[in-house]
Structures are given as structure tokens and as C-alpha cells.
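# Examining the three-dimensional arrangement
So the chains spell out like this:
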Amino acid sequence: QVQLVESGGGLVQAGGSLKLACKGSGRAISEYAIGWFRQALGKEREFVAAVTGASAITKYGDSVKDRFIVFRENAKNTVYLQMNNLKIEDTAVYYCAADSIPWTAETESTKYGDWGQGTQVTVSS
């Protein structure tokens with residue numbers, strides 16, 4: 001298994017940006033596809049973005065694909081989620097997760113094994 005820790009969340013005004021980090025330890029995250037999910041209060045967990053292993057192919061949820069970017073810095077054993085033009089509706093706890101099948105970019109949370117603890121993103125008006 002790989003241990004994942006999210007960081008970079010916080011409070012930001014609508015229209016602003018945040019950069020979340022998902023840092024792995026114990027294993028190289030280049031061996032995993034990494035997904036980002038979010039869960040708002042009272043809502044179901046929602047797919048945000050994913051990036052595959054060696055090929056670094058990305059996939060985005062429809063609500064974020066024109067605003068968010070997911071990318072790897074494997075030398076830092078970290079996957080980032082650059083969040084731009086944030087909206088109030090983006091307020092949620094954001095989680096990263098690892099899929100041991102590295103050539104897929106799964107959109108269902110049940111396809112992922114190891115999860116981080118989450119980081120809170122709050123977008124204000």
C-alpha cells in the first residue's frame with residue numbers, strides 16, 4: 001500500500017485559485033493511478049480528476065474540466081490538483097486516492113484502494 005497525505009486546502013474567494021498536493025510515502029506514486037474526489041456536506045462523493053501512471057493520461061469530471069488541472073511531479077512523489085476559477089459550489093473536502101492498476105483513470109471511488117485523510121476547501125463569496 002501507499003500512504004497519501006493531502007495538503008493545500010483553505011479558504012479562498014470565488015474566482016481565486018488553490019493548489020492541492022497529494023504526497024505519497026511507502027511506495028512510488030508513479031506506480032499508481034491517482035484520483036481526486038470531493039465530498040460536500042450532505043452530498044455524495046464526486047469524481048474530480050485522475051491521472052494514470054507512466055503515461056500520465058488525465059481525466060476530469062464535467063464540472064471541473066475547464067478549470068482544474070491534475071499533474072504529477074514524480075521526483076517529489078506528489079500529484080497536484082491546480083484549482084482555478086473556484087466557485088462556491090467547489091466547497092468540499094478533497095481526497096486523493098491510489099489505484100494499483102496504473103494504466104486506468106477510474107471515475108468511481110470504489111476502484112481506488114488507499115485514500116488520504118482529506119483537505120478542506122472552502123470558497124466564499
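For the structure itself, look to the data block above.
A few points on the structure. Not measured: the values here are computed from a predicted model.

### Examining the pattern of salt bridges
What the rule picks out here adds up to 6 salt bridges. Note that glutamate 31 is salt-bridged to arginine 27, the shortest N-O span being 2.6 Å. Salt-bridge contacts for glutamate 46 lead to arginine 38; the nearest nitrogen and oxygen are separated by 2.9 Å. On the accessibility criterion, glutamate 46 (31% relative accessible area) is partly exposed. Look at the salt bridges and you will find they share partners, linking Arg38, Glu46, Arg67 and Asp90 into a network.

### A word on the packing of aromatic side chains
Evaluation of the coordinates by the stated rule reveals 6 aromatic pairs. With a centroid separation of 5.3 Å and 25 degrees between ring planes, the pair formed by phenylalanine 71 and tyrosine 80 is classed as stacked. Under the relative-accessibility criterion, phenylalanine 71 is labelled partly exposed at 28%. Through a chain of ring-to-ring contacts, three or more aromatic side chains come together here, namely Phe37, Phe47, Tyr95, Tyr112 and Trp115. We note arginine 45 situated over the ring of tyrosine 95; from NZ or CZ to the ring centre the distance is 4.3 Å. The ring of tryptophan 115 carries the charged tip of arginine 45 above its face, separated from the ring centre by 4.8 Å.

### Quick word on the sheet that holds strand S7 (residues 68–73)
Spatially, 4 strands are ordered S1-S3-S8-S7 in an open sheet, and the strand pairing comes out antiparallel. Since the sheet does not close on itself, it has two edges, and those belong to strand S1 (3–7) and S7, each with one partner. Adjacent strand axes in the sheet meet at a mean angle of 15 degrees, parallel and antiparallel pairs treated alike. As judged from the 6 bridges shared by strand S3 (residues 18–25) and strand S8 (residues 78–83), these two strands associate in the antiparallel manner. Note that in S8 the partner of leucine 20 across the bridge is leucine 81.

### Re the state of the cysteines
The bond known as a disulfide is covalent and runs between the sulfur atoms of two cysteines. Enumeration according to the criterion identifies 1 disulfide in this entry. One disulfide in the model links cysteine 22 with cysteine 96; its S-S distance is 2.1 Å. Residues cysteine 22 and cysteine 96 are joined by a disulfide whose S-S torsion is about 75 degrees; by sign, that bridge is right-handed. Of this pair, cysteine 22 sits in strand S3 while cysteine 96 sits in strand S9 (residues 92–99), and the two are 74 residues apart along the sequence. Under the relative-accessibility criterion, cysteine 22 is labelled buried at 1%.

Rules used throughout
- Residues numbered from 1 in each chain as written.
- Predicted model: local features only at pLDDT ≥ 70, side-chain atom pairs only at ≥ 80, totals over all residues.
- Heavy atoms only, no water.
- Salt bridge = Lys/Arg side-chain N within 4 Å of Asp/Glu carboxyl O.
- Buried < 20%, exposed > 50% of the residue type's maximum accessible area, 1.4 Å probe, protein only.
- Phe/Tyr/Trp six-rings, centres within 6.5 Å; stacked < 30°, edge-to-face > 60°.
- Lys NZ or Arg CZ within 6 Å of the ring centre and 35° of its normal.
- Pairing = 2+ DSSP bridges.
- Helix = DSSP H or I, 4+ residues; strand = E, 2+ residues; numbered from the N terminus.
- Axes fitted to C-alpha atoms, helices over the stretch in contact; angles between N-to-C directions.
- Disulfide = S-S within 2.5 Å.

Interpretation note: all reported values are geometric properties and have no functional meaning in isolation.
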